[in-house]
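Residue-level structure breakdown
Read off the chains here:
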Amino acid sequence: MSMESIKGHSARFAPATATIDGKLNLVGLDMAELKAALATLGIEAFRAKQIWSWMYFHGLTDFAAMSNLAKPVREKLAEHFVIGRPTVSADQKSEDGTRKWLFKMPDGQEVEGVHIPEEDRGALCVSSQVGCTLTCRFCHTGTQKLVRNLGAAEIVMQVMKARDDLNEWPSTKDQRLLSNIVMMGMGEPLYNYDNVAKALKIIMDSDGIAIGKRKITLSTSGVVPMIERCGAELGVNLAISLHAVTDELRSRIMPINRSYPIKDLLNACRNYPTLSNARRITFEYVMLKDVNDSAADARALIKLLSGIPAKINLIPFNAWPGSPFECSDWETIEKFGDIVNRAGYASPIRTPRGKDIMAACGQLKSASLRLSAKEREAQERVMAEKEAGAGLL
Ligand code: SAH
Ligand code: SF4
């Protein structure tokens with residue numbers, strides 16, 4: 001096998017971040033890409049299924065433990081490839097059991113992931129971008145400028161690292177506390193659709209991590225043109241960050257509404273491919289004191305959503321340093337909830353989790369900074385040099 005062909009594959013699969021210490025990261029490749037990567041080392045395609053199972057079903061990171069592969073094959077794999085994980089810059093546990101990781105990606109960029117355990121299940125809140133290009137006024141992540149999209153590998157690796165730390169391999173393990181995934185961490189997932197879709201397909205694969213589409217919820221601030229595709233291609237549950245009932249207010253607190261106003265957003269919801277009474281859309285509504293929390297707002301909300309199988313999630317506003325809003329009073333939230341409830345909508349009030357470690361909705365922010373074009377060039381050069389110096393290239 002020539003070095004040139006390996007280099008070609010490495011470049012094709014991989015923006016700078018898909019290699020770790022100069023070796024191609026197998027995490028984040030789809031099956032066809034995995035087969036192609038193995039072919040560069042002369043390893044037969046049928047081995048791809050075995051390796052996939054070791055990686056995604058058993059959670060192995062060490063090729064040496066892949067007992068159905070011959071030793072020379074294992075050695076060759078280890079020489080050229082890696083089964084990657086982010087490193088962990090911080091790992092905090094809240095008094096209520098919520099756990100927040102600050103994951104560091106191979107190029108040094110950081111994102112947060114949050115595990116919210118319940119009695120016999122639990123959700124992992126996964127990030128899709130470093131920062132966010134949108135600037136919703138109530139959101140801490142929105143104050144951090146977008147640094148970059150995460151690659152598919154970096155999205156899948158958040159789930160894999162959380163499973164490592166929760167000791168929940170293999171995928172069939174009983175009573176997993178990482179049973180659900182919510183794409184509600186940092187970033188707008190529908191602005192990074194291709195990577196998010198690729199990652200979710202890997203996560204859903206029943207021979208691998210096997211978290212099914214009914215256990216995955218993608219939350220969007222309302223990127224209307226991508227909503228139908230998301231439903232048709234991925235079939236995951238949809239959550240919409242609605243937060244206001246008039247375009248005037250919504251545009252003020254969520255600038256994306258100027259591009260995709262409420263009427264268009266709700267039409268996209270009505271047409272969401274998997275929508276049914278059994279699979280309702282969740283509408284998230286953050287309770288902002290004296291801004292969107294009146295009884296009239298609650299009644300207008302019911303009217304807006306009429307005809308859409310929906311759940312309404314009332315989220316008490318979580319403050320962050322310098323945030324320009326206050327959370328509604330508890331009685332106001334309950335009154336709002338009662339009105340919505342009487343109209344026949346489930347309207348749970350989401351108990352804030354992990355507030356003491358700034359892990360609650362809208363509190364996530366990493367210290368990663370946006371790089372200038374020059375700085376980014378320099379960073380990419382360093383990564384390329386690192387790769388060139390390592391065994392693979
Ligand atoms: N970008 C996507 C997903 C990430 S945000 C989206 O906006 O939907 C996850 C949820 O937290 C969204 O519903 C968001 O509106 C909400 N949120 C943001 N800031 C918040 C805050 N300070 N308090 C409570 N919820 C907040
Ligand atoms: Fe971005 Fe969502 Fe925060 Fe808005 S609420 S700034 S879309 S992460």
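In the block above lies the structure referred to throughout.
None of the values given here were measured: they were computed from a predicted structure.

**A closer look at the overall build of the chain**
Along the backbone of the chain there are 12 helices and 14 strands. The buried share of the chain, taken over its 393 residues, is 55%. For the chain, the computed accessible surface area is about 17000 Å², with 50% contributed by carbon and sulfur atoms.

**Thoughts on unusual backbone geometry**
Trans is the common state for peptide bonds, and a negative phi is the common state for residues other than glycine. In this structure, the amide linkage connecting W169 to the following residue, P170, adopts the cis form with an omega of -10 degrees. Position of P170 relative to the elements: it lies in the loop between α5 (152-166) and β10 (180-183). For D21, which is not glycine, the phi torsion reads 50 degrees and is therefore positive. The backbone phi angle of H243 is positive, close to 70 degrees, even though this residue is not glycine. Residue position: H243 is located in the loop between β12 (237-241) and α8 (247-253).

**A look at the site of ligand 1**
Surrounding ligand 1, one finds 20 residues, the nearest of these being F138, G187, S219, S241 and H243. Between a nitrogen atom of ligand 1 and a main-chain N or O atom of N318, the distance comes to 2.9 Å. Coverage of ligand 1 by the protein chains reaches 96% of its 530 Å² of free accessible surface. Partitioned by chemical class, the residues of the shell around ligand 1 number nine nonpolar, nine polar and two charged.

**Quick word on the packing of aromatic side chains**
Considering all chains together, one arrives at four aromatic pairs under this definition. Taking 6.1 Å as the distance between ring centres and 85 degrees as the angle between the ring planes, the aromatic pair formed by F317 and F325 counts as edge-to-face. The pair F317 / F325 is uniform in exposure class, with both members buried. One residue, R163, lies across the ring of W169, its end atom 4.8 Å from the ring centre.

**Brief notes about the site of ligand 2**
With respect to spatial proximity, the complete set of residues near ligand 2 consists of C132, L134, C136, C139, G142, G187 and S221. For the shell around ligand 2, the per-class residue count stands at four nonpolar, three polar and no charged.

**Quick word on the packing of helix α10 (residues 295-304) against helix α11 (residues 330-342)**
Close contact between α10 and α11 brings their axes to 9 Å; oriented N to C, the two are set at 30 degrees. In terms of orientation, α10 lies roughly parallel with respect to α11. For the crossing formed where α10 meets α11, the hand is right-handed. Residues A295, D297, A298, R299, L301 and I302 of α10 lie in contact with α11, whose contacting residues are F336, I339 and V340.

**Examining empty space enclosed by the protein**
Taken as a whole and assessed by the stated rule, the structure comprises one cavity of 30 Å³ or more. There is about 40 Å³ of room inside the largest cavity. As for the largest cavity, its lining consists of V236, N237, L238, Y272, T274, L275, R279, R280 and I281. Of the residues that constitute the lining of the largest cavity, the class distribution is five nonpolar, two polar and two charged.

**What about the sheet that holds strand β14 (residues 310-316)?**
Read from one edge to the other, the open sheet built from nine strands follows the order β4-β5-β6-β7-β10-β11-β12-β13-β14, with strand pairing classed as mixed. Every interior strand has two partners, whereas the edge strands, β4 (87-93) and β14, have only one. Going from strand to strand, the sheet's axes swing by 20 degrees on average, the running direction of each strand aside. Where strand β6 (residues 110-117) meets strand β7 (residues 122-125), four bridges bridge the pair, whose relative direction is antiparallel. When the sheet's bridge partners are listed, V114 is paired in β7 with C125. Helix-sheet contacts for α11 involve β13 (281-287) and β14, and the interaxial angle to β14 is about 175 degrees.

**Re the pattern of salt bridges**
Considering all chains together, one arrives at 17 salt bridges under this definition. Note that R148 and E154 form a salt bridge whose closest N and O atoms lie 2.8 Å from each other. The pair formed by R148 and E154 is uniform in burial state, with each residue classed as buried. Between K289 and D329 there is a salt bridge, and its shortest N-O distance comes to 3.4 Å. Placement of K289 in the loop between β13 and α10 and of D329 in the loop between β14 and α11 is noted, with a sequence separation of 40 residues between them. The exposure class assigned to K289 is partly exposed, which follows from its relative accessible area of 28%. If you follow the salt bridges from partner to partner, you end up with D91, R99, K161 and D165 in one network.

Thresholds, definitions, all that
- Residues numbered from 1 in each chain as written.
- Chains lettered and ligands numbered in written order.
- Predicted model: local features only at pLDDT ≥ 70, side-chain atom pairs only at ≥ 80, totals over all residues.
- Heavy atoms only, no water.
- Helix = DSSP H or I, 4+ residues; strand = E, 2+ residues; numbered from the N terminus.
- Buried < 20%, exposed > 50% of the residue type's maximum accessible area, 1.4 Å probe, protein only.
- Areas by Shrake-Rupley, 256 points an atom, 1.4 Å probe, with all protein chains shown as cover.
- Near = heavy atom within 4 Å.
- Polar contact = N/O pair within 3.5 Å; in protein donor to acceptor, adjacent residues only side chain to side chain.
- Nonpolar A, V, L, I, M, F, W, Y, C, P; charged D, E, K, R; others polar.
- Phe/Tyr/Trp six-rings, centres within 6.5 Å; stacked < 30°, edge-to-face > 60°.
- Lys NZ or Arg CZ within 6 Å of the ring centre and 35° of its normal.
- Axes fitted to C-alpha atoms, helices over the stretch in contact; angles between N-to-C directions.
- Parallel < 35°, antiparallel > 145°, perpendicular 65-115°, else oblique.
- Left-handed = near helix turned anticlockwise from the far one by under 90°.
- Contact = heavy atoms within 4.5 Å.
- 1 Å grid on protein atoms, 1.4 Å probe; cavity = no way out; pocket = protein on both sides within 12 Å on 5 of 7 lines; lining within 4 Å.
- Points joined across faces, edges and corners; volume = space filled by probe spheres on them.
- Pairing = 2+ DSSP bridges.
- Salt bridge = Lys/Arg side-chain N within 4 Å of Asp/Glu carboxyl O.

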